[in-house]
Amino acid sequence: CQVMRLNAVDEMMLAVPNLNSISRFEDLALASELVEGYSISTACGDHTVSSGMGDLSGKTITGISDFVSRLRNFGVEVNGTDCTRTVICTDAPGSDRGRAC
């Protein structure tokens, strides 16, 4: 099927609905740069959805790499794979940026 060939599973697999209501992740909303973390895909790169996918057609789904590049503004990158990285947060833990990170 062409739709499946043009839209890999990892590009279309998104975070769980209402991720922002799970206590472990709710503080992402404290930093506008990280809010997209609620809706990234499991793919490394961004993906533009092909036609034939209804309301999603033509929309860009952000990948992990873009989110990690934003997270780097909150600390120091120490290691990781091709697109996932560990970032050590440098803002005070009680600050909004520290909590978001």
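Whatever comes next refers back to the structure up there.
Residues numbered from 1 in each chain as written. Predicted model: local features only at pLDDT ≥ 70, side-chain atom pairs only at ≥ 80, totals over all residues. Heavy atoms only, no water.

1. Notes on the pattern of salt bridges
Next, step 1: According to the stated counting rule, one finds seven salt bridges in the structure shown.
Next, step 2: For Arg97, the salt bridge identified is with Glu33, shortest N-O distance 3.3 Å. Of this pair, Arg97 sits in helix 4 (residues 96–100) while Glu33 sits in the loop between helix 2 (9–12) and strand 1 (47–48); the two residues are 64 residues apart in sequence, bridging distant segments of the chain.
Next, step 3: A residue is classified by how much of its surface remains accessible, and Arg97, at 31% relative accessible area, is partly exposed.
Next, step 4: According to the relative accessible area criterion, Glu33 is partly exposed, its value standing at 28%.
Next, step 5: Here Asp66 and Arg70 are joined by a salt bridge, their closest N and O atoms 3.1 Å apart. Within this pair, Asp66 and its partner Arg70 are both found in helix 3 (residues 64–71), separated by four residues, close to a single helical turn.
Next, step 6: The class for Asp66 is partly exposed, based on a relative accessible area of 24%.
Next, step 7: Where salt bridges share partners, they join Glu33, Asp91 and Arg97 into one cluster. (Salt bridge = Lys/Arg side-chain N within 4 Å of Asp/Glu carboxyl O. Helix = DSSP H or I, 4+ residues; strand = E, 2+ residues; numbered from the N terminus. Buried < 20%, exposed > 50% of the residue type's maximum accessible area, 1.4 Å probe, protein only.)

2. Some details on the state of the cysteines
Next, step 1: Summed over all chains, the structure comprises two disulfides.
Next, step 2: Shown here is the disulfide that connects Cys44 with Cys83, its sulfur atoms set 2.1 Å apart. The chirality of the disulfide connecting Cys44 with Cys83 is left-handed, given an S-S dihedral of about -65°. Note that Cys44 is positioned in the loop between helix 2 and strand 1 and Cys83 in the loop between strand 3 (75–80) and strand 4 (85–89), a separation of 39 residues in sequence.
Next, step 3: A relative accessible area of 34% means that Cys44 is categorised as partly exposed.
Next, step 4: Shown here is the disulfide that connects Cys89 with Cys101, its sulfur atoms set 1.8 Å apart. A torsion of -80° about the S-S bond marks the disulfide between Cys89 and Cys101 as left-handed. Separated by 12 residues along the polypeptide, Cys89 in strand 4 and Cys101 in the segment after helix 4 bring together distant segments of the chain. (Disulfide = S-S within 2.5 Å.)

3. Regarding the nonpolar core
Next, step 1: Among the nonpolar cores identified, the biggest contains 14 residues, and Leu28, Ala31, Leu34, Ile64, Phe67 and Leu71 are the most heavily contacted of them.
Next, step 2: Top element by residues in this core is helix 3. It accounts for four residues.
Next, step 3: If sequence neighbours within four positions are ignored, Leu34 has contacts with Leu28, Phe67, Arg70, Leu71, Phe74, Ala100 and Cys101. (Core = buried A, V, L, I, M, F, W, Y, C linked by side-chain atoms within 4.5 Å. Contact = heavy atoms within 4.5 Å.)

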